[in-house]
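What the coordinates show
Each chain, written out:
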Amino acid sequence: MSGSLNITSATADPALLDLPWDLPLDAWPNENIAALPKGISRHLVRFAHLSGRVVAIKETTSEMAKREYEMLRTLQSLEIPCVEPLAVITNRTNEDAEPLNSVLITRHLKFSLPYRALYSQTLRPDTATRLVDALALLLVRVHMAGLFWGDVSLSNTLFRRDAGAFAAYLVDAETGQLYPGGLSNGQRENDLEIARVNIAGELMDLEAGGRAADELDPIRVSNGIVAAYRLLWKELTGSESFSSSERWRITERVERLNDLGFDIEELAIKTDDQGTTVRIQPKVVDAGHHQRRLLRLTGLDAEENQARRLLNDLDSYRVSYGDPEADEEMLAHEWLVRVFEPVIRAIPRDLKGKLEPAEIFHQLLDHRWFMAQNQSRDIPLAEAVTSYVKDVLRHRRDEATVIEPSTGEITIPIDVTDDETAAAADADDTAADDAADWRLKV
């Protein structure tokens with residue numbers, strides 16, 4: 001390693017010094033490289049092991065690396081979903097003292113995947129639509145923060161599963177420009193057109209490679225981001241007028257925004273001179289309404305749709321089994337230790353990397369509901385856990401450290417052993433405060 005190496009990092013990690021910075025990134029030895037799928041990039045990007053975690057390393061110019069590092073740090077402070085910047089390394093040279101490209105290091109977003117790794121063989125229209133909807137929400141949040149992205153695409157985004165939908169995270173910020181005074185309509189429309197054209201091109205590329213379903217229409221799907229974006233933008237920022245006798249519509253508007261996952265900082269309400277018409281203009285804080293409530297009640301950190309689903313189950317538990325005299329925080333703690341945590345502990349150790357705990361719980365609830373519908377009876381939670389582990393979870397690929405399969409490769413189902421089945425059925429119920437088995441009650 002060259003002695004002139006320059007490392008800029010918010011958090012010092014001595015292990016950075018152990019990586020082979022005197023080699024071009026494409027020449028790094030296999031023991032340093034983590035085999036993870038990555039999206040298409042104009043720069044060379046590789047994943048590497050660092051202090052027991054995985055980081056993404058991108059070779060670029062010194063100026064671009066520093067600029068993107070600062071931009072990602074700013075976006076994090078604004079609570080925009082994006083990858084976490086770790087360091088910038090400049091003044092790299094090889095053993096002959098010849099200069100090498102600078103690098104930007106970001107933390108790998110666990111359980112996230114590039115869009116090309118989210119489907120096993122061909123991209124279906126409904127999956128493509130969900131990806132575009134997630135990207136539309138991310139673009140709205142970016143614009144509300146005053147950021148002109150400049151290169152909106154599926155390739156510059158990572159996706160995490162979110163209770164049947166996807167949550168999108170910004171990856172590439174090198175073209176971004178922040179405007180503290182907010183974006184003009186022209187700047188927003190420019191970003192939107194960039195997104196539409198890029199998405200259409202990416203989907204056409206999949207189509208040409210035989211990796212898109214025959215019924216997928218790249219133009220229709222790419223146009224969907226325009227429609228989804230404008231609908232969200234209008235709901236979040238548009239004003240609304242109605243008769244003063246329809247004051248219930250104020251509450252309705254707030255509830256619609258909460259359902260979208262946004263909190264309200266303030267609501268501007270104006271009436272006309274006659275007092276017959278009311279005009280409201282919301283000032284939205286940010287996405288994460290359900291995330292914040294779940295975190296406050298249980299300490300669980302989940303995606304927005306996952307949080308909504310877990311809160312629904314918590315509310316159902318409160319109605320069915322809770323003490324009417326207990327406050328919300330006490331019942332939330334009871335649900336956490338008697339329902340959620342025993343379910344997650346029941347997952348065999350070798351399967352815990354398949355999905356995030358909140359996503360596992362969401363999928364378990366769906367699986368239990370389908371079992372009840374098919375069998376026309378209530379399904380005890382322990383039985384649902386056993387069935388879900390054996391018939392669903394065991395056959396999924398790991399998304400914590402997923403390795404992209406070769407073309408045409410398929411996963412062969414492996415039957416769960418009797419010991420594993422028993423372990424799943426005998427989930428730890430030590431948190432129960434009486435002798436009864438909680439799994440027979442929920």
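Before reading further, recall that the structure is shown in the block above.
Quick look at the structure, then. (Residues numbered from 1 in each chain as written. Predicted model: local features only at pLDDT ≥ 70, side-chain atom pairs only at ≥ 80, totals over all residues. Heavy atoms only, no water.)

Moving on, we come to the packing of aromatic side chains. This model, assessed by the stated rule, comprises seven aromatic pairs. For the pair Trp21 and Trp28, a centre-to-centre distance of 5.1 Å together with 70° between the ring planes defines the contact as edge-to-face. Look at Trp21 and you get buried, because its relative accessible area is 1%. Here Trp28 falls in the buried class, since its relative accessible area comes to 4%. Each residue in the set Trp335, Phe340 and Phe361 is aromatic and connected to the rest through ring pairs, giving one cluster. The ring centre of Trp233 lies 4.1 Å from the NZ or CZ of Arg188, which sits over that ring. (Phe/Tyr/Trp six-rings, centres within 6.5 Å; stacked < 30°, edge-to-face > 60°. Buried < 20%, exposed > 50% of the residue type's maximum accessible area, 1.4 Å probe, protein only. Lys NZ or Arg CZ within 6 Å of the ring centre and 35° of its normal.)

Phe159 and Leu170 are the most contacted members of the largest nonpolar core, which totals 56 residues. Elements represented by at least two residues in this core include exactly α1 (62-77), α2 (125-144), β8 (157-162), β9 (165-170), α3 (185-208) and α4 (218-237). It is α2 that contributes the most residues to this core, ten residues altogether. Not counting chain neighbours up to four residues away, the residues in contact with Leu170 comprise Leu72, Leu75, Pro81, Cys82, Val83, Leu138, Val142, Leu147, Trp149 and Asn156. With 33 residues, the next largest nonpolar core counts Ala332, Val339, Ala358 and Ala384 among its residues. (Core = buried A, V, L, I, M, F, W, Y, C linked by side-chain atoms within 4.5 Å. Helix = DSSP H or I, 4+ residues; strand = E, 2+ residues; numbered from the N terminus. Contact = heavy atoms within 4.5 Å.)

Turning our eyes to something else, we now look at the pattern of salt bridges. Enumeration over the complete set of coordinates arrives at 20 salt bridges. Linking Glu356 and Arg160 is a salt bridge whose minimum nitrogen-to-oxygen distance equals 2.5 Å. Within this pair, whereas Glu356 is found in the loop between α8 (328-345) and α9 (357-375), its partner Arg160 is found in strand β8, the two being separated by 196 residues in sequence. In this structure Glu356 comes out as buried when scored by relative accessible area, which is 14%. When the shortest N-O distance is used, the salt bridge between Arg196 and Glu193 registers 2.7 Å. Of this pair, Arg196 and Glu193 are both found in helix α3, three residues apart, which corresponds to roughly one turn of the helix. (Salt bridge = Lys/Arg side-chain N within 4 Å of Asp/Glu carboxyl O.)

On to the environment of Asp214, then. You can see Asp214 is positioned in the loop between α3 and α4. A relative accessible area of 78% places Asp214 in the exposed class.

For the rest of this paragraph, the subject is α9. Between its first and last C-alpha atoms α9 spans 27 Å; for 19 residues at 1.5 Å apiece the expected length is 27 Å, and the two agree. Those residues of α9 that fall on the buried side of the exposure criterion are Ala358, Glu359, Ile360, Phe361, His362, Gln363, Leu364, Leu365, His367 and Met371. Buried residues in α9 make contact with β8, α7 (304-321), α8 and α10 (381-391). Immediately downstream of α9, the backbone of Ser376 shows phi near 55°, a positive value. (Expected span 1.5 Å × (residues − 1).)

What follows deals with α8. Side chains three or four residues apart in an α-helix point the same way, a direct result of the helix having 3.6 residues per turn. In a regular helix each residue adds 1.5 Å, so 18 residues correspond to 26 Å; α8 covers 24 Å between its end C-alpha atoms and thus fits that length. By the largest-angle criterion, Leu336 marks the main kink of α8, which is about 40°. On its buried face, α8 sits against α6 (289-298), α7, α9 and α10. (Bend = angle between axes of the 7 residues up to and from the residue.)

It is at 8 Å that the axes of α6 and α7 come closest, and there the two elements cross at 50°. As judged from the angle between their axes, α6 and α7 are oblique. Two packed elements cross with a definite hand, and for α6 against α7 that hand is left-handed. Residues His289, His290, Gln291, Arg293, Leu294 and Leu297 of α6 form the contact with α7, whose participating residues are Glu304, Ala307, Arg308, Leu310, Leu311, Leu314, Asp315 and Arg318. (Axes fitted to C-alpha atoms, helices over the stretch in contact; angles between N-to-C directions. Parallel < 35°, antiparallel > 145°, perpendicular 65-115°, else oblique. Left-handed = near helix turned anticlockwise from the far one by under 90°.)

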